[in-house]
Amino acid sequence: MFNCSKCPGYCCSYPLIRLTKRDVGRLAKHFGLSFKKARAKFTIQTWEAKYAMRRKADKIFGRMCQFFDTEKRCCTIYKARPEICRSYPGGRCGYYDFLSSERRSQNDENHIATTWNK
């Protein structure tokens, strides 16, 4: 199993991080806001999802979840994180698979396929 603390935040960079109404409520409670204010502050509506996480700039992946600390490379709302984050990867982690493949092809078990650690 992959240790997520060693990841630069691959899953947090997905173009769409779907939220449920319950997720927005959890964020509202965490920040002491009304549901309406939390929805306006933390989400956007797309044709794909009624509630989607707002994103911000990131030097590694381009765009990232607004609650991801881009310097420490970790979640800043871990206890209030959305259900999709709580259940991830739900099977296999795409970043782990990518990193494993790179390490096999480079024949180097410590190979890092990103500039994150440089």
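Everything here concerns the structure above.
Residues numbered from 1 in each chain as written. Predicted model: local features only at pLDDT ≥ 70, side-chain atom pairs only at ≥ 80, totals over all residues. Heavy atoms only, no water.

A.B. asks: Is there a simple way to think about the packing of aromatic side chains in this case?
C.D. replies: All chains considered together, the criterion is met by 6 aromatic pairs. When the centroid spacing of 5.6 Å and the interplanar angle of 85 degrees are considered together, the rings of Tyr10 and Tyr14 count as edge-to-face. Judged by relative accessible area, Tyr10 falls into the partly exposed class, the value being 29%. Overall, Tyr14 belongs to the partly exposed group, its relative accessible area being 28%. Ring pairs connect the aromatic residues Tyr10, Tyr14 and Phe61, which therefore count as one cluster. Taking NZ or CZ as reference, Lys21 lies 6.0 Å from the ring centre of Phe35, over its face. (Phe/Tyr/Trp six-rings, centres within 6.5 Å; stacked < 30°, edge-to-face > 60°. Buried < 20%, exposed > 50% of the residue type's maximum accessible area, 1.4 Å probe, protein only. Lys NZ or Arg CZ within 6 Å of the ring centre and 35° of its normal.)

A.B. asks: What is the right way to read helix H4 (residues 94-106) from this model?
C.D. replies: In an α-helix there are 3.6 residues to a turn, and that puts residues three or four apart on one side. Taking 1.5 Å of rise per residue, the 13 residues of H4 would be expected to cover 18 Å, and the 18 Å separating its terminal C-alpha atoms lies within 8% of that figure. Of the residues trailing H4, Asn107 is marked for its positive phi of about 55 degrees. (Helix = DSSP H or I, 4+ residues; strand = E, 2+ residues; numbered from the N terminus. Expected span 1.5 Å × (residues − 1).)

A.B. asks: What am I meant to see in the nonpolar core here?
C.D. replies: Proteins that are soluble and globular tend to have nonpolar side chains buried together. By size, the foremost hydrophobic cluster in this structure holds 16 residues, and its most contacted members are Leu27, Met53, Cys65 and Phe67. Where this core is concerned, the elements lending two or more residues are helix H1 (21-31), helix H2 (35-42) and strand S4 (62-65). Residues within four places of Leu27 in sequence aside, it is in contact with Phe42, Met53, Phe67, Ile77 and Ala80. (Core = buried A, V, L, I, M, F, W, Y, C linked by side-chain atoms within 4.5 Å. Contact = heavy atoms within 4.5 Å.)

Keep in mind that these numbers describe shape and distance, not what the molecule does.
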